[in-house]
Amino acid sequence: MADADVIVVGAGVAGALAAAGLAEQGVKVLVLEAGPTMDRQAGVATYRANPVRVPESAYPDVAYAPRPTVVAPDGYYVQAGPDDFKSTYERRVGGSTWHWLGTALRLLPNDFRLRSRYGVGVDWPISYDDLEPWYGRAEDALGVAGRDAPGLMAPRSTPYPMPPIPHSYMDEVVARAAAKLGLTVDATPQARNSVERDGRPPCCGNSICIPICPIGAKYDATVHVKKAVAAGARLVPSAVVVDVQLDAAGARVTYRPGGGDPVTVTGRTLVLAANAIETAKLMLMSASEAQPGGLGNGADQVGRHLMDHPIQLSWALAPEPTYPYRGPLSTGGVESVRDGAFRRERAAFRLEIQNPGWSFPKGDPTAQAVAWAAGEPLGEAGFARFSDRLLRQVCLTGATEPLPLPENRVQLARERDAIGVPRPRLSYRPGEYSDRGRAAARLLFTRIFRAMGATEIQHDPRFEGAGHLMGTTRMGDDPRASVVDRDLRLHGHRNCFVLGAGVFPSVGTANPTLTIAALSLRAVDPVRASLTGG
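Counting starts from 1 at the beginning of each chain's written sequence and moves along it residue by residue. Whole-chain, interface and lining totals are the exception, using all residues; otherwise, since this is a predicted model, local features are given only for residues with pLDDT of at least 70 and side-chain atom pairs are given and counted only at 80 or more. As a rule here, side-chain values cover all heavy atoms of the structure and leave hydrogens and water aside.

Participant: Quick one: what's the story with the nonpolar core, residue by residue and with numbers?
Facilitator: The criterion is simple. A nonpolar core is a set of buried Ala, Val, Leu, Ile, Met, Phe, Trp, Tyr and Cys residues joined through side-chain atoms within 4.5 Å. Summary of the burial criterion: residues with accessible area below 20% of their type's maximum are buried, those above 50% are exposed, and those between are partly exposed, where the area comes from a 1.4 Å probe applied to protein chains only. Counting 105 residues, the largest nonpolar core has Leu32, Leu270 and Leu272 as its most contacted members. In this structure, Ala178, Leu183, Ala318 and Ala454 belong to the second largest nonpolar core, which totals 25 residues.

This is how it looks when you write it as structure tokens:
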């Protein structure tokens, strides 16, 4: 007898939603997560004590489940170039939703038909209309606060579950300048409570959404991990999966608890729901006589088309106070620049307004104060000048759309981690299409800054990582050019599914979490049907 009907590998948002949906229908579910559980208040204390304020600063390192960090991405990644892949993630129960921003945008209808509409990239095997009802269910499940607006360009059949998070004063300053250019700043839909809901309090504006919400107003995947366990699912944390094998009878999954001796469990159906890098790595590790290149890799597609949203980072000094560090890290943006005929030639981007001033390019106020003190006279007058500048900071970011390039990929490195598991070898470059999109973002940002009367305009010449791991196990109708079908079932295998942003054929400009959630909810019925031969 199998240990479970369904084994889910990964307890991030994809695995948690699928596990909860299956367990609530009476399916016997086993969830294996590489990393440990996390205590929220311990994480807040760790963050406060950490002098380095980056996404990972609330979360202790775990030797048996290493992860990349902003400070040292090469400590885990083996970078093969030509550019470094700059985005990071967490390996723990709840995954990277612990330190995500909470932005919950839908992809646009044209994002699903990039090739047929604009002649670049690829089309999805499903349409926006196919996914639209599931977007509504995902917004309800995560708890999204928002307001429908023409600028969002995503038709909807259901209202947002909660009213929007209010605009910040920073949003209003930028909005006045953007209006001079005919642009509107819209409230950003976000998985953050604006009112009490689902046993969680409303946001109180702690301004540390990245790396951790201290009160749980922002959604993270532990919400659905708890619902899955309450419905009967079994969770095994610190379970580093090192091999998965499939046959007609089911799946055999081998994991190492805390990096120790291997344990093998069996299930009738397997759901791989780690992130785009860890899922691809595990599939490549799981070679067999029947599939010597790795699980599902007969067409050499596993690991290919690795994508992120390369970020253009620009900042300036406003002539009036913008009062940064109020509320969540971002509450508004310009959405109307996310689509248009220009996509035939260059990437779209999404303009996001940063509430925490220059923290992204320059570090938090403590780091900025140290840098100021190193080069400016101290004393009352010096502090007044620093405070005045701090209150007038403005920063805009543009998350640009890449094209899926097959040479951007995850492979197994010869280098191994502390427990002997291969580290991921990443080959990556954003590509000229994305580069042209960042150039367009710089031009628009300059116009907005000038309309604002800002000075000291600066543009980062490099791209930054968005924390959006996408591609590597893409969906499609052709098994020669994809890894999973439109139901996220591994080609050639009745009883294996792959969830997460790895399945995205193209990525548009929306933060991926809401689409991950919608696809995961949509996959519950096909996974359940696989148990009865469907």
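Participant: So, the pairing of strand β1 (residues 4-9): which residues are in play, and what are the values?
Facilitator: We count a stretch as a helix when DSSP gives it H or I for four or more residues in a row; a strand needs E for two or more, and each element gets its number in order from the N terminus. The buried fraction of β1 is high, at six of six residues. Only strands joined by at least two bridges in the DSSP assignment are considered to pair. Pairing geometry for β1 and strand β8 (residues 263-272), over five bridges, is parallel. In the strand pairing of β8, Val6 is matched with Thr269.

Participant: How would you sum up helix α2 (residues 40-49)? Please name residues and give values.
Facilitator: Every buried residue of α2 is accounted for by Arg40, Gly43, Val44 and Tyr47. Within α2, the buried residues cover an arc of 100° as seen down the axis, which keeps them to one side. Only heavy atoms matter for contacts: two residues are in contact if any of them lie within 4.5 Å across the pair. Where the residues of α2 are buried, they touch α6 (222-230). Throughout this description, a polar contact denotes any pair of N or O atoms lying within 3.5 Å of each other; where both atoms belong to protein, one of them has to be capable of donating a hydrogen while the other can accept it, and for residues adjacent in sequence the pair is counted only when both atoms sit in side chains. Two to three positions downstream of the cap, the backbone nitrogen of Gln41 sits 3.3 Å from a side-chain oxygen, assigning the N-cap of α2 to Asp39. Taking the helix axis as origin, the arc is that swept by the directions to the C-beta atoms.

Participant: Could you give an account of the pattern of salt bridges, naming the residues involved and the relevant values?
Facilitator: Any Lys or Arg side-chain nitrogen found within 4 Å of a carboxyl oxygen on Asp or Glu counts as a salt bridge. Within the structure shown, the criterion is met by 32 salt bridges. Ionic pairing is found between Arg197 and Asp140, a salt bridge with its closest N-O pair at 2.7 Å. Separated by 57 residues along the polypeptide, Arg197 in the loop between β4 (186-187) and α6 and Asp140 in helix α4 (residues 128-142) bring together distant segments of the chain. In this structure Arg197 comes out as partly exposed when scored by relative accessible area, which is 21%.

Participant: Break down the packing of helix α5 (residues 169-179) against helix α11 (residues 432-452) for me, citing the residues and quoting the values.
Facilitator: Orientation of α5 relative to α11, taken along the N-to-C sense of each, is 100°, at an axis distance of 8 Å. Viewed along their axes, α5 and α11 adopt a mutual orientation that is roughly perpendicular. Seen from α5, the contacting residues are Val173, Val174 and Ala177; seen from α11, they are Ile448, Ala451 and Met452. In this classification, the charged set is Asp, Glu, Lys and Arg, the nonpolar set is Ala, Val, Leu, Ile, Met, Phe, Trp, Tyr, Cys and Pro, and all remaining amino acids, among them Gly, are polar. Broken down by class, the residue content of the contact of α5 with α11 amounts to six nonpolar, no polar and no charged. Axis geometry follows a simple rule: fit a line to the C-alpha atoms, using only the stretch in contact for helices, then measure angles between N-to-C directions, giving values from 0 to 180 degrees. When an angle is under 35 degrees it counts as roughly parallel; over 145 it counts as roughly antiparallel; between 65 and 115 it counts as roughly perpendicular; any other value is oblique.

Participant: Lay out the sheet that holds strand β13 (residues 409-416) in plain terms, naming residues and giving numbers.
Facilitator: Strands in a sheet are paired, the pairing made by backbone hydrogen bonds, and the direction either parallel or antiparallel. One open sheet accounts for three strands, arranged β3-β14-β13; its pairing is mixed. Only two strands of the sheet have a single neighbouring strand rather than two, namely β3 (78-82) and β13. Neighbour to neighbour, the strand axes of the sheet diverge by 25° on average, direction disregarded. As paired elements, β13 and strand β14 (residues 422-428) share five bridges and run antiparallel to each other. When the sheet's bridge partners are listed, Val410 is paired in β14 with Leu426.

Participant: So, unusual backbone geometry: which residues are in play, and what are the values?
Facilitator: Residue Gly81 is joined to Pro82 through a cis peptide bond whose omega torsion reads 5°. Inspection of the secondary structure puts Pro82 in strand β3. For Leu488, which is not glycine, the phi dihedral falls at a positive 70°. Mapped onto the elements, Leu488 comes out in the loop between β15 (455-459) and β16 (496-498).

Participant: Explain the sheet that holds strand β9 (residues 311-317) to me, using residue names and the numbers behind them.
Facilitator: One open sheet accounts for six strands, arranged β4-β10-β11-β12-β9-β15; its pairing is antiparallel. The sheet is open, and its two borders are formed by β4 and β15, each paired with just one other strand. With six bridges joining them, strand β11 (residues 349-354) and strand β12 (residues 393-400) adopt antiparallel strand pairing. By the bridge assignment for β12, Gln354 is matched with Cys395. The sheet strands contacting α11 are β9, β11, β12 and β15, and the helix crosses β12 at an angle near 155°.

Participant: Tell me about the environment of Asp61, and please be specific about residues and values.
Facilitator: By secondary structure assignment, the location of Asp61 is in the loop between α2 and β3. Along the chain, Asp61 and Gly35 lie 26 residues apart, while their C-alpha atoms are 9.9 Å from each other. A polar contact of 2.7 Å, which involves the side chain of Asp61, links it to the side chain of Arg67.

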